[in-house]
Amino acid sequence: MSQPTITLWSDANFFSPYVMSVYVALKEKGLSFTLQTVDLNSGQNLQPGWKGYDLTRRVPVLAVDDFLLTESSAIAEYLEDRFAPPTWERIYPHDLEKRARARQIQAWIRSDLMPIREERSTDVVFAGVKKAPLTEKGQAAAQKLIAAVENLLPVGQQNLFGEWSIADTDLALMLNRLILNGDEVPERLQEYAAFQWQRASVQRFLALSAKHSG
């Protein structure tokens, strides 16, 4: 199977949850790609001349030949359409309603739960940093997340939809912001997040972040 030239732009530390989402999607698709990094801490992404400058000035940036795209959920949907099953591996459920639900989950965790994202940044997930106890707002957001996942995840299943999808990776990362900090999360959800974390594509990204976090 021939494919175009693909490049994924990441933050220099590989701490972005959205870069991780695209990295996992590419790996699960079985696509070959090269990695490039941009130093967000020094503002390199805000300098004219960087690939993503004319778009959102954020990572991830995906380059497929001459086509550039940002925003991780848009990239995942593009990859599913551009490198469509059955020729390429599936990253979204085949069923229409389940596919819509997966996209809903991705949109929700990117647009809501801000206190969790603020109080449990991804250095908790990728560097083992421990944070102060959650504020009242943080606790409320955590309870909202936990209640939603308990409703979304069928009892006895290890994936949201009976088969893995990219939404599982994204949701597990959000849960792990709490779990890996030692915050209280029901055992069933801890087991779900741990199961998702063992996927080979996720482990490869974790190895990258560990290598570059020093």
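Residues numbered from 1 in each chain as written. Predicted model: local features only at pLDDT ≥ 70, side-chain atom pairs only at ≥ 80, totals over all residues. Heavy atoms only, no water.

Under an unreviewed UniProt entry, the name given to the protein chain is Putative glutathione S-transferase, and the source organism is Buttiauxella agrestis ATCC 33320.

## Quick look at the side chain of Glu 80
If you trace the backbone, Glu 80 turns up in helix α2 (residues 72–82). In this structure Glu 80 comes out as buried when scored by relative accessible area, which is 2%. Reaching out from Glu 80, the side chain makes a polar contact with the backbone nitrogen of Ile 91 at a distance of 3.1 Å. Non-local contacts of Glu 80, meaning those with residues more than four positions away in its chain, are made with Lys 29, Pro 85, Glu 89, Arg 90, Ile 91, Tyr 92 and Arg 99. (Helix = DSSP H or I, 4+ residues; strand = E, 2+ residues; numbered from the N terminus. Buried < 20%, exposed > 50% of the residue type's maximum accessible area, 1.4 Å probe, protein only. Polar contact = N/O pair within 3.5 Å; in protein donor to acceptor, adjacent residues only side chain to side chain. Contact = heavy atoms within 4.5 Å.)

## Some remarks on the pattern of salt bridges
Close approach of charged atoms lets side chains of opposite charge pair. Considering all chains together, one arrives at nine salt bridges under this definition. Here Lys 29 and Glu 80 are joined by a salt bridge, their closest N and O atoms 2.5 Å apart. Of this pair, Lys 29 sits in helix α1 (residues 17–29) while Glu 80 sits in helix α2, and the two are 51 residues apart along the sequence. With respect to class, Lys 29 is no different from Glu 80; both count as buried. As a salt-bridge pair, Asp 170 and Arg 110 come within 3.0 Å of each other at their nearest N and O atoms. (Salt bridge = Lys/Arg side-chain N within 4 Å of Asp/Glu carboxyl O.)

## Focus on the nonpolar core
Judged by nonpolar contacts, the single largest core of 64 residues is most densely connected at Leu 26 and Leu 145. Per-element accounting of this core gives the leading share, nine residues, to helix α7 (residues 166–179). Domain assignment of the residues forming this core places at least three in each of domain 1 (6–90) and domain 2 (96–199). Once you skip the residues sitting within four places of it in the chain, Leu 145 turns out to touch Trp 108, Leu 113, Ile 116, Leu 171, Met 174, Leu 175 and Leu 178. (Core = buried A, V, L, I, M, F, W, Y, C linked by side-chain atoms within 4.5 Å. Domains from an automatic or database assignment.)

## Remarks on α2
Of all the positions in α2, only Ser 72, Ile 75, Ala 76, Leu 79 and Glu 80 are classed as buried. All buried residues of α2 fall inside an arc of 135° around its axis, so they share one side. (Arc of directions from axis to C-beta.)

## Quick look at the packing of aromatic side chains
Tallied over the full model, the rule gives seven aromatic pairs. Aromatic side chains Tyr 23 and Phe 33 sit 5.5 Å apart centroid to centroid with 85° between the ring planes, which places their arrangement in the edge-to-face category. In this pair, Tyr 23 is assigned in helix α1 and Phe 33 in the loop between α1 and β2 (34–38), connecting sequence segments 10 residues apart. Phe 33 shares its class with Tyr 23; the two are buried. Ring centres of Phe 67 and Tyr 78 lie 5.1 Å apart, and the angle between their planes is 50°; on these two criteria the pair is classed as tilted. (Phe/Tyr/Trp six-rings, centres within 6.5 Å; stacked < 30°, edge-to-face > 60°.)

## Quick notes on the sheet that holds β2
Reading across from one edge, β2-β1-β3-β4 is the order of the four strands in this open sheet, with mixed pairing throughout. Bordering the open sheet on either side are β2 and β4 (67–70), each of which pairs with just one other strand. Across this sheet, the average inter-strand angle for adjacent strands is 20°, counted without regard to direction. Helix-sheet contacts for α1 involve β1 (6–11), β2 and β3 (61–64), and the interaxial angle to β1 is about 155°. Contacting β3 and β4, α2 crosses the sheet at an angle of about 135° to β4. (Pairing = 2+ DSSP bridges. Axes fitted to C-alpha atoms, helices over the stretch in contact; angles between N-to-C directions.)

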